[in-house]
Amino acid sequence: MDLYRIIYSSQPFGYDEAALAGILVDARRCNERDGVTGALVCRRDVFLQLIEGPRPRVLDTFERIRRDDRHVDVAVHLSGPVPERLFGGWAMLHDPAASWFEAAKGRPADWLAAADADEISALFTSIAAKATAAPAR
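A brief structural summary. (Residues numbered from 1 in each chain as written. Predicted model: local features only at pLDDT ≥ 70, side-chain atom pairs only at ≥ 80, totals over all residues. Heavy atoms only, no water.)

**Examining the overall build of the protein**
To keep things clear, this is the line we draw: We count a stretch as a helix when DSSP gives it H or I for four or more residues in a row; a strand needs E for two or more, and each element gets its number in order from the N terminus. Each residue is placed in one exposure class: buried if its accessible area under a 1.4 Å probe, protein chains only, is under 20% of its type's maximum, exposed if it is over 50%, and partly exposed if it falls in between. Two residues qualify as a contact provided that any one of their heavy atoms is within 4.5 Å of a heavy atom in the partner residue. For the accessible areas, the method is Shrake-Rupley and the probe is 1.4 Å, while residue cover comes only from the protein chains on display.
The secondary structure content of the protein amounts to five helices and five strands. The linear arrangement of helices and strands in the protein, starting from the amino end, is β-α-β-β-α-β-β-α-α-α. Sorting the 137 residues of the protein into buried and exposed places 45% on the buried side. The long-range fraction of contacts in the protein, counting pairs at least 24 apart against all pairs at least 6 apart in sequence, stands at 80%. Carbon and sulfur atoms make up 53% of the accessible area of the protein, which totals about 7,100 Å².

Structure below.
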């Protein structure tokens, strides 16, 4: 199978807990249907998301995400083929920025602006390692 991954960030528009819950429900439903997995790290000021799966499905998923009016300023940090999934057991893992704070030393927005693709990938690798002990969703 041709696995593909995209990592992007965006700024939430009208963020609150209800909006986040809706995003997670939609993502999990669509991802399960399409064979896409991933993780969403979120704060009030920024979303950082990894999506992975069969290339056509990931590209379709990303186009749907880009059109979503619950966020603006979508920026791709990494995209390309990968040998395996990081979040194979997760339709969409929600990480409430705890891992990000560790990596960013409390300054996620500054960290993201200065981070390169390897640093952002390392963040998701760390999140995936921690998630392996938790039940899949």
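**A few points about unusual backbone geometry**
For Asp-73, which is not a glycine, the phi torsion comes out positive at approximately 55°. Within the secondary structure, Asp-73 is located in strand S4 (residues 71–81). For Asp-73, a relative accessible area of 55% gives the class exposed.

**Section: the side chain of Ser-9**
Turning to its location among the elements, Ser-9 is positioned in strand S1 (residues 3–12). Setting aside residues up to four positions removed in sequence, Ser-9 forms contacts with Val-46, Phe-47, Leu-48, Asp-73, Val-74, Ala-75, His-77 and Leu-112.

**Some thoughts on the nonpolar core**
As a reminder of what qualifies: To form a nonpolar core, buried Ala, Val, Leu, Ile, Met, Phe, Trp, Tyr and Cys residues must be joined to one another through side-chain atoms within 4.5 Å.
Ranked by internal contacts, the top residues of the largest apolar core, which has 18 residues, are Leu-48, Phe-87, Leu-93, Ile-120, Phe-124 and Ile-127. Counting residues per element, the ones that place at least two in this core are strand S2 (37–42), strand S3 (47–54), helix H4 (108–114) and helix H5 (117–131). Element by element, the count of residues in this core is highest for H5, at six residues. Those residues in contact with Phe-124, other than ones at most four positions away along the chain, are Ile-7, Ala-39, Val-41, Leu-48, Gln-49, Leu-50, Leu-86 and Phe-87. Counting 17 residues, the second-largest nonpolar core is a separate cluster that includes Tyr-15, Ile-51, Ile-65 and Met-92.

**A word on the sheet that holds S1**
Let me state the cut-off plainly: The rule for pairing is simple: two strands pair if DSSP sees at least two bridges between them. Only C-alpha atoms enter the line fits that serve as axes; for helices the fit covers just the stretch in contact. Angles between N-to-C directions range over 0 to 180 degrees.
Taken in spatial order, the five strands line up as S4-S1-S3-S2-S5 in an open sheet, and their pairing is mixed. With one partner strand each, in any of the chains shown, S4 and strand S5 (93–95) form the two edges of the open sheet. Within this sheet the neighbouring strands show an average axis-to-axis angle of 15°, counted without direction. Examined bridge by bridge, S1 and S3 share eight bridges and lie antiparallel to one another. Bridged to Ile-7 within S3 is Leu-50. In the packing of helix H1 (residues 17–34) onto the sheet, contacts are made with S2, S3 and S5, and the angle to S2 comes to roughly 170°. With respect to the sheet, helix H2 (residues 55–67) is in contact with S1, S3 and S4, its orientation differing from that of S3 by roughly 150°.

**Comments concerning the environment of Phe-13**
Among the secondary structure elements, Phe-13 is positioned in the loop between S1 and H1. When the C-alpha atoms of Phe-13 and Arg-44 are compared, they prove to be 9.0 Å apart, with 31 residues separating the residues in sequence. Beyond its immediate sequence surroundings of up to four residues, Phe-13 is in contact with Asp-69, Arg-70 and His-71.

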